[in-house]
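Structure at a glance
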Amino acid sequence: QNATLEKMAETLFRQWFVEEAKEEWKDVELGSVVETTSGGTPSRTNIRFYENGTIHWVKSKELNGSFILETEEMITEEALRKSSAKILPVNSILIAMYGATVGEYAIIAKEMTCNQAVCALIPNKNYPYTYLFLLIKHNREELINMAVGSAQQNISQLLIKQLSVLDCIEQIERFNLVVEPLFIKIKSYHSQIRTLKALRDTLLLKLMSGEVKVE
């Protein structure tokens, strides 16, 4: 269901902003209309930065091409104050800039932080998360081709800022009204999948230990 919903949104994006793009729409640089930022890694030598953390901290390898609901690691308020990590608003779009994951992308389902290998696009009224997410998905190959460096492939926040977006604000607003319900469903289904996986894992352990028996 999620794959179908995302395909529907992607098809509409291509139709509205690529195949049927109007000549009067101008191209502008992404960085001129959307705020971008990156994160940081709290010192690994200070256990207090990670122990009993309550703030989700995204690593580039966790970018999954869809919604991120939880993260492998959490950081503390102290870690946030004493590092370059910063709170990113819900529905920010994340893009991996370095290494094997370069060009991978995701969207955060709640406020989170990220490491320095990730660039975050902060959605706004004119450029909502639905448009930005599909823009990055549509341009993923271009981003990967922009990667430079022999030892470690990478793209910079500057290059991401130079991506072209259209200035058709009214059309983007109409598009968001149509596709946001699809994104809300996708997010809900991801949450359900996570719950079902946890239930499956719990039941498997109980079955294997003999705590639960099937007559």
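Residues numbered from 1 in each chain as written. Predicted model: local features only at pLDDT ≥ 70, side-chain atom pairs only at ≥ 80, totals over all residues. Heavy atoms only, no water.

**Digging into the sheet that holds strand β3 (residues 55-58)**
The strand order β5-β3-β8 describes an open sheet built from three strands, whose pairing is mixed. The outermost strands of the open sheet, each flanked by one partner alone, are β5 (73-75) and β8 (113-114). As judged from the two bridges shared by β3 and β8, these two strands associate in the parallel manner. If you follow V58 over to β8, its bridge partner there is C114. (Pairing = 2+ DSSP bridges. Helix = DSSP H or I, 4+ residues; strand = E, 2+ residues; numbered from the N terminus.)

**Regarding the pairing of β3**
The alternating pattern of β3 places I55 and W57 on one face and H56 and V58 on the opposite face, and all of these are buried. Judged from the three bridges that link them, β3 and β5 form a sheet pairing that is antiparallel. Counterpart to I55 in the pairing with β5 is I75. (Buried < 20%, exposed > 50% of the residue type's maximum accessible area, 1.4 Å probe, protein only.)

**Considerations on helix α7 (residues 169-209)**
Taking 1.5 Å as the rise per residue, α7 with 41 residues should run 60 Å; its terminal C-alpha atoms sit 58 Å apart, in good agreement. In the structure, α7 departs most strongly from a straight axis at V179, where the bend amounts to approximately 40 degrees and where the proline P181 lies between one and four residues downstream. Where α7 is concerned, the buried positions are Q171, I172, F175, N176, V179, L182, F183 and I186. For α7, the elements touching its buried residues are α1 (2-19), β4 (67-68), α4 (129-138) and β10 (164-166). With its phi angle positive at about 90 degrees, G210 sits one or two positions after the end of α7. (Expected span 1.5 Å × (residues − 1). Bend = angle between axes of the 7 residues up to and from the residue. Contact = heavy atoms within 4.5 Å.)

**Section: the packing of aromatic side chains**
One pass over the structure, following the stated rule, counts twelve aromatic pairs. On the numbers, 6.1 Å between centres and 70 degrees between planes, the contact of F13 with F175 is edge-to-face. Of this pair, F13 sits in helix α1 while F175 sits in helix α7; the two residues are 162 residues apart in sequence, bridging distant segments of the chain. A ring pair is formed by Y129 and F183, whose centres lie 5.8 Å apart and whose planes are at 85 degrees; its orientation type is edge-to-face. (Phe/Tyr/Trp six-rings, centres within 6.5 Å; stacked < 30°, edge-to-face > 60°.)

**Regarding the nonpolar core**
Of all hydrophobic cores here, the largest spans 41 residues; its most connected members are F17, L30, L121, Y131 and I160. The set of elements that each furnish at least two residues to this core consists of α1, β6 (93-96), β7 (105-108), β9 (118-122), α4, β10 and α7. Tallying contributions element by element places α4 first for this core, with seven residues. Every residue in contact with I160, bar those within four places of it in the chain, is listed here: L30, I95, M97, C119, L121, L143 and I155. Core analysis: the next-biggest nonpolar cluster, separate from the first, contains 13 residues, V58, A96, I108 and A120 among them. (Core = buried A, V, L, I, M, F, W, Y, C linked by side-chain atoms within 4.5 Å.)

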